Amino acid sequence: SKVQTNGITPLFTASINPGTNSISFYNDANIKERTAYYHVNIVHDYMKSKFPLFTDMDNPLPTNIDLTTDTCNAFYDGSSINFYAPSVTCGSFALVGDIVYHEYGHGISDKFYQSHGTIFQNGAMGEGYSDTWAMGITQNPVLGIGDSPTNPNDFIRRYDINRKVYPQDLVGEVH
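Summary of the structure given here. (Residues numbered from 1 in each chain as written. Predicted model: local features only at pLDDT ≥ 70, side-chain atom pairs only at ≥ 80, totals over all residues. Heavy atoms only, no water.)

**Concerning the sheet that holds strand 3 (residues 74-76)**
Stage number 1. Reading across the sheet, the four strands line up as 1-2-4-3 and stay open at both edges, with mixed pairing between neighbours. Of all strands in the sheet, those bounded by a partner on one side alone are strand 1 (2-5) and strand 3. On average, each strand axis in the sheet is inclined to that of its neighbour by 15°, with strand direction left out of account.
Stage number 2. Helix 1 (residues 31-50) contacts strand 1, strand 2 (62-67) and strand 4 (81-84) of the sheet and is inclined by roughly 145° relative to strand 2.
Stage number 3. Of the strands in this sheet, strand 3 and strand 4 are in contact with helix 2 (residues 97-115), which crosses strand 3 at around 20°. (Pairing = 2+ DSSP bridges. Helix = DSSP H or I, 4+ residues; strand = E, 2+ residues; numbered from the N terminus. Axes fitted to C-alpha atoms, helices over the stretch in contact; angles between N-to-C directions. Contact = heavy atoms within 4.5 Å.)

**Thoughts on helix 2**
Stage number 1. Helix length check: helix 2, at 19 residues, gives a terminal C-alpha distance of 26 Å against a target of 27 Å (1.5 Å per residue), a fit within 8%.
Stage number 2. Counting buried positions along helix 2 yields 14 of 19 residues, so the element is predominantly enclosed. (Expected span 1.5 Å × (residues − 1). Buried < 20%, exposed > 50% of the residue type's maximum accessible area, 1.4 Å probe, protein only.)

**Side note on the environment of tyrosine 76**
Stage number 1. As for its placement among the helices and strands, tyrosine 76 is situated in strand 3.
Stage number 2. If near-sequence neighbours (up to four positions away) are discounted, tyrosine 76 is found in contact with Ile81, Glu103, His106, Gly107, Asp110 and Lys111.
Stage number 3. One polar contact links tyrosine 76 to aspartate 110, side chain to side chain, over a distance of 2.6 Å. (Polar contact = N/O pair within 3.5 Å; in protein donor to acceptor, adjacent residues only side chain to side chain.)

Printed below as a string of structure tokens:
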């Protein structure tokens, strides 16, 4: 992951000498930057455990934090994963591991299909595949717990109750 907030990548310089060294990243990157970086690496490693020969995601994925062009969402745009700044109604999705996994999952679908000479364009399957990557890591059918700054029990989607069945539950949008 290559994390950026407002176009700036957190960085630090340090001298490492032979022997014991102590280096802290905590003053150089904020919690959103560190959390997104951590979870991008978790989902990458999980993906490699399933597709060890697939190498198209083996590079630092740009991870943009605190975008201000909208609120309460995150997205994959074909070359990066992106998280909006927190607002009164939602927290930073960069802090929610399974949302990071989900967005990275869109990248997996995109790059995997491209590696086979085609493009991935089924929105509903893309959402389902991305949720599957997240649930594979968390082993939890409830996704997006922690998305609300005021309700710790809030979530985005869950797969263990009120299951949707096609075509009767088709609602005109990909989720």
